Amino acid sequence: MTTTSNRQPEGTPAGGQFAPSVHAEAAGIVLSTPEPEAIQAEECDECGDEKETSGTCLSCQCSECGESLSDGEGWDGLCGNCADAKEGESQQIFDMSLTDADGETVEFSVNRIDDGHYEVEDDEGDGVLEFYHNGDEEDHLSIQEAAVEELNKAGHQVSDE
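What comes next is a walk through the structure.

A closer look at the overall build of the chain
Then step 1. The number of helices and strands found in the chain is two helices and five strands.
Then step 2. Counting the 161 residues in the chain, one finds 26% classified as buried.
Then step 3. Sequence separation of at least 24 residues holds for 21% of the intrachain contacts in the chain that already meet a minimum separation of 6.

Structure follows, in structure tokens:
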């Protein structure tokens, strides 16, 4: 059995007493929009810029967890906890023995932080510097050359000879 529903022209109110219909606003009611200068953006607790959430703006929040960066313990947009966790994720890819300006052998290791981002550590495991290298991640020779170049720019005066 086929049933057909009643149809009416588009835009015609339907549905009984609660159907939408055109009507005028109530007498004495005026709707207005506040002036733009009346809307005050709240300021970030850290830097004074407009805040997004939780008292700080996005540039003062950890990009990983949203915590404040005010403790000064983090790096690269991460709070101290997230930076420590990320640092623990770095992967040592090779060690290198270099010669310093006095002819002494100095040991460094190179860690991969993420794609094209590396860290050089001294023989005590302390981070000396970070650098970027846009080459083959398996080409350790070119990564070592880039690391030596960055170490020299930072004043370490080393060579791989």
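Things to note about the environment of Phe94
Then step 1. As for its position among the elements, Phe94 is in strand β1 (residues 91-100).
Then step 2. Sequence-wise, Phe94 and Gln144 are 50 residues apart; in three dimensions their C-alpha atoms are separated by 8.9 Å.
Then step 3. Leaving out residues up to four positions away in the same chain, Phe94 has contacts with Ser109, Val110, His140, Ile143 and Gln144.

Observations concerning the sheet that holds β1
Then step 1. Strand order across the open sheet formed by five strands is β4-β3-β2-β1-β5, with antiparallel pairing between neighbours. Each having just a single partner strand, β4 (127-132) and β5 (158-159) make up the two edges of the open sheet.
Then step 2. Its contacts with the sheet put helix α2 (residues 140-153) on β1, β2 (105-114), β3 (117-122), β4 and β5, and the angle it makes with β1 is roughly 55 degrees.

A look at α2
Then step 1. With 14 residues, α2 extends 20 Å between its outermost C-alpha atoms, agreeing within 8% with the 20 Å of an ideal straight helix rising 1.5 Å per residue.
Then step 2. Taken together, the buried positions of α2 are Ser142, Ile143, Gln144, Ala146, Ala147, Val148 and Leu151.

Looking at the pairing of β2
Then step 1. Summarising the sheet, β1 and β2 pair through eight bridges and their orientation is antiparallel. Each bridged residue has a counterpart across the sheet, and for Ser97 the counterpart in β2 is Glu107.
Then step 2. Where β1 folds back onto β2 in an antiparallel hairpin, the turn is made up of four residues, including Gly103, whose phi is positive at roughly 85 degrees.
Then step 3. For β2 and β3, the ladder comprises six bridges, and the chain directions are antiparallel. Within β3, the residue paired with Arg112 across the bridge is Tyr118.
Then step 4. Remark: two residues form the turn of the hairpin made by β2 and β3, two consecutive strands paired antiparallel; Gly116 in that turn has positive phi of roughly 75 degrees.

Criteria and cut-off values
- Residues numbered from 1 in each chain as written.
- Predicted model: local features only at pLDDT ≥ 70, side-chain atom pairs only at ≥ 80, totals over all residues.
- Heavy atoms only, no water.
- Helix = DSSP H or I, 4+ residues; strand = E, 2+ residues; numbered from the N terminus.
- Buried < 20%, exposed > 50% of the residue type's maximum accessible area, 1.4 Å probe, protein only.
- Contact = heavy atoms within 4.5 Å.
- Pairing = 2+ DSSP bridges.
- Axes fitted to C-alpha atoms, helices over the stretch in contact; angles between N-to-C directions.
- Expected span 1.5 Å × (residues − 1).

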